[in-house]
Amino acid sequence: MKSTILLRMVIVLSIIAFSFSVKAQSDHSEVKENSEISSDRVYIKIEIMGLACPYCAFGMEKELKEVAGVDKVDIELKTGLAYISTPKELEPNRFSLEKIITDSGFSVGKIEYQDKPFEKLSR
Amino acid sequence: MRVLDNVKFKQILAIIWILCAQVTWAQGPPITTDTPVMLGLAGNGIRTFGKFIIKEKVKVYVHPIGIPYNVTSKFQIGAIVPFKVIDPNDGATSKGFSDIIFFSKHQIYKKDGKAKTFRILVNYKHIFPTGNIKSIPRLGSGLHKNYLGFILGKVTSKIGIYGDFGYNLVEGPASDQFSYNFSVGIPLLPQQYPQKQINTFLEFNGNYVFKPEIHTLFISPGITFIPGRRVLFETGFQYPILQKNIIDNKTKFTILLGTRFLLN
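Residues numbered from 1 in each chain as written. Chains lettered and ligands numbered in written order. Predicted model: local features only at pLDDT ≥ 70, side-chain atom pairs only at ≥ 80, totals over all residues. Heavy atoms only, no water.

**Concerning a nonpolar patch on the surface**
All names here are of chain B. Heads up, the rule is: For patches, a residue must show more than 30% relative accessible area and have no salt bridge; joins then use 9 Å for like charges and 5 Å for nonpolar side chains, namely Val, Leu, Ile, Met, Phe, Trp and Tyr. Surface accessibility in these figures is a Shrake-Rupley result with a 1.4 Å probe; residues are shielded only by whichever protein chains are displayed. Definition used for salt bridges: Asp or Glu carboxyl oxygen within 4 Å of a side-chain nitrogen of Lys or Arg. Only DSSP runs of H or I covering at least 4 residues are called helices, and only runs of E covering at least 2 are called strands; the numbering of each starts at the N terminus.
A contiguous nonpolar surface patch, about 720 Å² in accessible area, is contributed by I108, Y109, F150, F165, Y167, L169, F178 and F210. Contributing elements (two or more residues each) for the nonpolar patch: β5 (100-113) and β8 (160-170). Looking at the nonpolar patch, the element that brings in the most residues is β8, giving three residues. With respect to the helices and strands, I108 occurs in strand β5.

In structure tokens:
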């Protein structure tokens, strides 16, 4: 009888401990995400027409990483969208981005700029 | 004329129907059909694979290494260097480099849309008779060949359809040839980037020789596995469904096993 109660207590405590651990991890990732949002950066969403295969996405990622100030490129294949950000003083103009896309063999759709990260459509 | 028997034809139709009926997502490049000029592996990588051809009287192993280079986003050049081993059932084995192929692809039409593209290219190849013709069996054809054809590719986020066809002009008294390939690609995993991908392909590979009239057609199912950004593994199986006017030494089947990887 005692062992059954003990076992139940262990299970309940484990569940509580696991919940706290998950919550802590979630809070940590929120803090981390918030720390990545910076007011002195510009966020750019580029619609790349014709981007439909994983290797095209890899090639495009490499090209966009060459833009000054870009350290990360997010590409959504389903929507053909690429997301980049740069420090404001290195903001690439529309013409230079269009040239990179067309030189890579694709066509350019909309290019949007804003000072906070874009909400990604596929999430 | 030897035609497909009814049962085999129904089996092939059933496979096509099953593959086409699935909800599909985009995929990587096909295995035995040529592809349009694209960024990524098609442009700055190396492709190599082993091809085991099992015939009635001989086993052939071909190991080509293909090196494409994108001069511009619309123009690609490259070379294919094949190493060949020919092992007759009742004779000595020949091995060495076979005929080297130089190729160029020029994009003449492109229509891009949201997560989809359709491209048409002109494809020119020159085959140099570099393979040894003094060996028995011969490793090379001993003939210059000029190939002129077209490549078509429609890639969307739901399906990939590829085709290529062209005329092979052979010097001397040897007959010209017409070759054609068709491929449908279907991924087995949801489409995201970057992520591991497994893609299935159903391809058809045909070749028609004018004089004497010889027509071969193979059905070629295959799988590609993409574990990361820079590398792809592929395997395929070719089974003959038509070998018109080939009486002696018919092909039983062919197995392909290969990889493609990026240099930079």
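That shown, we press on.
**Some remarks on the pattern of salt bridges**
The condition is simple: Working definition: with a 1.4 Å probe on protein chains only, accessible area under 20% of the residue-type maximum means buried, over 50% means exposed, and in between means partly exposed.
Within this structure, the stated rule accounts for twelve salt bridges over all chains. K72 of chain A serves as the salt-bridge partner of D74 of chain A, at 3.6 Å between the closest nitrogen and oxygen. On the basis of relative accessibility, which here comes to 21%, the residue D74 of chain A falls in the partly exposed class. The shortest N-O distance in the salt bridge between D103 of chain A and K99 of chain A comes to 2.7 Å. Highlighted residues: D103 of chain A and K99 of chain A, both in helix α3 (residues 94-103), separated by four residues, approximately one helical turn. Taken together, the shared-partner salt bridges connect R47, E234 and R260 of chain B into one network.

**Brief notes about the confidence of the model for chain B**
Residue and element names in this part refer to chain B. What counts is decided by this rule: Scored from 0 to 100, pLDDT reflects the predictor's confidence in each residue. Should any heavy atoms of two residues lie within 4.5 Å, those residues are counted as being in contact.
Scored by pLDDT, chain B has a mean of 85; 85% of the residues are at 70 or more. A low-confidence stretch, residues 12-26 (pLDDT under 50), is modelled with 30 contacts involving residues beyond four sequence positions or located in other chains. Here the predicted complex carries an ipTM of 0.73, next to a pTM of 0.78.

**Structural notes on unusual backbone geometry**
Residues and elements named next belong to chain B. Following I136, the chain continues into P137 via a peptide bond in cis, with omega recorded as -5°. Structurally, the position occupied by P137 is in the loop between β6 (116-128) and β7 (145-156). Look at the link from K211 to P212: it is a cis peptide, with omega at -5°. Tracing the backbone shows P212 in the loop between β10 (197-209) and β11 (214-226).

**Here we look at the interface of chain B and chain A**
Here is the rule we go by: Summed over both partners, the accessible area (1.4 Å probe) lost when two parts come together is defined as the buried area. Nitrogen and oxygen atoms within 3.5 Å of one another constitute a polar contact, given that in protein one can donate a hydrogen and the other can accept it, and given that sequence-neighbouring residues count only through two side-chain atoms. Under the scheme applied, nonpolar residues are Ala, Val, Leu, Ile, Met, Phe, Trp, Tyr, Cys and Pro; charged residues are Asp, Glu, Lys and Arg; polar residues are all the others, including Gly.
Facing the 31 residues of chain B at the interface are 26 residues of chain A. When the two sides are added together, the surface that chain B and chain A hide from each other amounts to roughly 2,300 Å², 61% of it contributed by carbon and sulfur. Seen at the junction of chain B and chain A, the total is zero salt bridges. Viewed at the interface, chain A and chain B are joined by four residue pairs in polar contact (both at pLDDT 80 or more). Elements represented by at least two residues in the side of chain B that touches chain A include exactly β5, β6, β7 and β12 (231-244) of chain B. Here the side of chain B that touches chain A is composed, by residue class, of 13 nonpolar, eleven polar and seven charged.

**Observations concerning the state of the cysteines**
All names here are of chain A. This is how the line gets drawn: By definition, disulfides here are pairs of cysteine sulfur atoms that lie within 2.5 Å.
Here the structure, examined in full by the defined rule, presents one disulfide over all chains. Between the sulfur atoms of C53 and its disulfide mate C56 the distance is 2.1 Å. Residues C53 and C56 are joined through a disulfide that is right-handed, its torsion about the S-S bond being 80°. Judged by its relative accessible area of 8%, C53 falls in the buried class. Classification of C56 as buried rests on a relative accessible area of 1%.

**Looking at the packing of aromatic side chains**
Residue and element names in this part refer to chain B. To be explicit about the condition: Classification of ring pairs rests on two measures: the distance between centres of Phe, Tyr or Trp rings, Trp counted by its six-membered ring, which must be within 6.5 Å, and the angle between planes, read as stacked under 30 degrees, edge-to-face over 60 and tilted in between. In this analysis the charged atom, NZ for Lys or CZ for Arg, is taken to sit over a ring once it is within 6 Å of the ring centre and within 35 degrees of the ring normal.
On inspection of all chains with the given rule, the structure shows eleven aromatic pairs over all chains. The interplanar angle of 45° and the centroid separation of 4.7 Å between the aromatic rings of F52 and Y61 together place this pair among those described as tilted. For F52, a relative accessible area of 38% gives the class partly exposed. Residue classification places Y61 among the partly exposed positions, given a relative accessible area of 23%. In textbook terms, an aromatic cluster arises when at least three aromatic residues are bridged by ring pairs, as seen for F150, F165, F178 and Y180. Its end group placed over the ring of Y147, K125 keeps NZ or CZ at 4.6 Å from the ring centre.

**What to know about the nonpolar core**
Filter applied, for reference: We call a set of buried residues a nonpolar core when its members are Ala, Val, Leu, Ile, Met, Phe, Trp, Tyr or Cys and they connect through side-chain atoms within 4.5 Å of each other.
Core analysis: the biggest nonpolar cluster contains 26 residues, and I46, I48, L51, M60, L64, I75 and I84 of chain A have the highest contact counts within it. When residues of this core are assigned to their parent elements, the largest contribution, five residues, is made by helix α2 (residues 54-65) of chain A. Once residues lying within four places of it in the same chain are set aside, the contact partners of I75 of chain A are L51, A57, M60, E61, L81 and A82 of chain A together with Y193 of chain B.

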